[in-house]
Amino acid sequence: MSMIKILDSTGKADPELEPNISKEKLVKMLEYMILVRLLDEKGMRLQRQGRISFSIPSTGQEATQIGAVAALSPEDWIFPAYREPGMAFYRGLPLEDLVNHWFINEKDPQKGRRLPGLFGSKQFRYVNPSAPIGTQIIQAAGAGYAHKYLSENLVDIVFFGDGATSSSDFHSGLNFGAVFKTPTIFFCQNNQWAISVPLSRQTGATSLVDKAQGYGLPGVQVDGNDILAVYNVVKEAVKRAKAGDGPTFIEAVTYRAGPHTSSDDPTRYRPKEELEKWKKLDPISRFEKYLRAKGYITQEGIEEIRSSFDNKLNNLISEAEKLKPPSLKTLFSDVYSELPWHLEEQFNELNALKGRNA
Ligand SMILES: Cc1ncc(C[n+]2csc(CCOP(=O)(O)OP(=O)(O)O)c2C)c(N)n1
Ligand SMILES: [Mg+2]
């Protein structure tokens, strides 16, 4: 199986495969890739300064998330793992929501109940990620079944890593999707590592895409650092799903250039040369070269995008840091429509103990 590529390392596109995307949309795609990279830098720095507790970077994997979201309709559902935050922002999720979530303050839309980075948004159809690896694969297959049952012309796309292909939910989800021909796109971000476990420990198969055949699904392997190639394969998978032809399995070959999370130190387990090799395939610089050669953006334009997001984020961060934590009452809300007496009693006890107003 050959890997689908459109952009070479100099940013030159194969004219036979180059998608027809407007200049405005291409520039928007670059903007959101730049934003994702910047969020990673800020998140990691804030965590190291002890100002936020946790950060999950997706540096090196910007092309997969932005290429995919650009190929979907806003009504389609996204089931992320945790390295696809750019998809939510591309759809319009306010940056303020993320920053308040990072600081777990009173405006955190997740009310402090989620690990920073594991956020969702019903409005933008970006489903709350589940921490146990692979669970979103069966959720997406089930959602696909629901779309089909309700005759909704919708697609759902689910993201998971190479490590998640070893989970039993991977088998259950792909099998269910294939048998019932659900409009689901199974998108594997093969970033070569599952924390410190290399890809060679996840499968005895030559490549992950080979697994599709066993389920009777079409499998596509794509260069995950090539945003145009990702866009094309997702567009094609959407077309199949909407035509009632069922799921597609996509293996995007990419690399986790940063640590697994802010709690990880990859220098302890992976060779420096490997990172150097992948840095040359950076998805953002490749796409920037393509857009510059087309005359769609200049180097100054790129710097302006970065500094405008940077200023915006700096302002949001200083505002978010001033706010109080979520009220104690949120510990007791959203489970029962009316708070039962024993929880009311516990709440009053806790409130008195803390001497704090809820
Ligand atoms: C069932 C389960 N086992 C272990 C973990 C701990 N864990 C969190 S992320 C991770 C690695 C996942 O690797 P992969 O699927 O390749 O995704 P990546 O982090 O590389 O994007 C592990 C083992 C977990 N969250 N859930
Ligand atoms: Mg991985």
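S.K.: Explain the side chain of Gln65 to me, using residue names and the numbers behind them.
M.R.: As for its position among the elements, Gln65 is in helix H2 (residues 62-70). Judged by relative accessible area, Gln65 falls into the buried class, the value being 0%. Only 3.1 Å separates the side chain of Gln65 from the side chain of Ser58, close enough to count as a polar contact. A polar atom in the side chain of Gln65 sits 3.1 Å from the backbone oxygen of Gln61.

S.K.: Any details on the coordination of the magnesium ion (ligand 2)? Residues and values, ideally.
M.R.: Donor atoms from the polypeptide that bind the magnesium ion (ligand 2) are Asp162 (OD), Asn191 (OD1) and Trp193 (O), placed at 2.1 Å. Within one chain, the residues serving as donors to the magnesium ion (ligand 2) are arranged as D-x28-N-x1-W. Of the two residues, Asp162 is situated in the loop between strand S2 (156-161) and helix H6 (168-180) and Asn191 in the loop between strand S3 (184-190) and strand S4 (193-194); the sequence distance between them amounts to 29 residues. Overall, Asp162 belongs to the buried group, its relative accessible area being 1%.

S.K.: I'd like a description of the site of ligand 1, backed by residues and values.
M.R.: Within the structure, ligand 1 sits among 14 residues, and Tyr82, Arg83, Gly163, Asn191 and Trp193 are positioned closest to it. Contact distances for ligand 1 include 3.0 Å between an oxygen atom and a side-chain N or O atom of Asp162. The protein chains hide 66% of the 570 Å² of surface that ligand 1 would expose on its own. Placement of ligand 1 is best described as lying within the largest pocket.

S.K.: Please give an account of the pairing of strand S6 (residues 219-223) that cites residues and values.
M.R.: Among the five residues that make up S6, five are buried, leaving the element largely enclosed by the rest of the structure. Burial of the side chains of S6 extends over both faces: Gly219, Gln221 and Asp223 are buried on one face and Val220 and Val222 on the other. Examined bridge by bridge, S6 and strand S7 (residues 248-253) share five bridges and lie parallel to one another. Within S7, the position partnered with Gln221 by the bridge is Glu251. With helix H8 (residues 227-242) bridging S6 and the parallel S7, this β-α-β connection has right-handed handedness.

S.K.: An account of empty space enclosed by the protein is requested, with residue identities and associated values reported.
M.R.: The rolling of a water-molecule-sized probe over the atoms marks out the regions of remaining empty space. Counted by the stated rule, this structure contains one cavity of 30 Å³ or more. Roughly 190 Å³ of internal volume is contained in the largest cavity. Residue lining of the largest cavity: 18 residues in total, with Ile56, Pro85, Leu98, Trp102 and Gly117 positioned closest to the centre. When residues of the lining of the largest cavity are traced back to their parent elements, those giving at least two are helix H1 (23-48), helix H3 (85-90) and helix H4 (95-102). At four residues, the largest contribution of residues to the lining of the largest cavity is made by H1. Taken together, the residues of the lining of the largest cavity break down into 14 nonpolar, three polar and one charged.

Criteria and cut-off values
- Residue numbers run consecutively from 1 along every chain, following the written order of its sequence.
- Whichever chain is written first becomes A and whichever ligand is written first becomes 1, with later ones labelled in order.
- Totals for whole chains, interfaces and linings use every residue, but because this is a predicted model, local features are given only for residues with pLDDT of at least 70 and side-chain atom pairs only at 80 or more, for both listing and counting.
- By convention in this description, side-chain values take in all heavy atoms of the structure and omit both hydrogens and water.
- The secondary structure listing takes helices from DSSP runs of H or I that are at least 4 residues long and strands from runs of E that are at least 2 residues long, numbered from the N terminus.
- Exposure is judged per residue with a 1.4 Å probe applied to protein chains only, and the accessible area is read against the type maximum: over 50% gives exposed, under 20% gives buried, and values in between give partly exposed.
- N or O atoms closer than or at 3.5 Å make up a polar contact, with two conditions inside protein: a donor-capable atom paired with an acceptor-capable one, and, for residues adjacent in sequence, both atoms drawn from side chains.
- With water excluded from the atoms, a metal site may look incomplete; its donors are any N, O or S atoms within 2.8 Å, or within 3.2 Å for Na, K and Ca.
- Distances are taken per atom, and a residue is near a molecule or strand as soon as one of its heavy atoms is within 4 Å of it.
- Note on areas: Shrake-Rupley with a 1.4 Å probe; residue coverage comes only from the protein chains shown.
- Only protein atoms enter the calculation, which uses a 1 Å grid: trapped sets of points that fit a 1.4 Å probe without letting it out are cavities, open sets showing protein on both sides within 12 Å along at least five of seven lines are pockets, and any residue with an atom within 4 Å of a point is a lining residue.
- Should more than half of a molecule's atoms lie within 2 Å of a pocket's or cavity's grid points, that molecule is taken to sit in it.
- Pairing between strands requires that DSSP locate at least two bridges from one strand to the other.
- With its strands directed away from the observer, a crossover is right-handed exactly when the path from the first strand over the helix to the second travels clockwise.
- Grid points are joined across faces, edges and corners, and a volume is the space filled by probe spheres set on the points.
- Polarity classes work like this: nonpolar for Ala, Val, Leu, Ile, Met, Phe, Trp, Tyr, Cys and Pro, charged for Asp, Glu, Lys and Arg, and polar for all others, with Gly in that last group.

So far we have only geometry, and geometry alone does not tell us how the molecule works.
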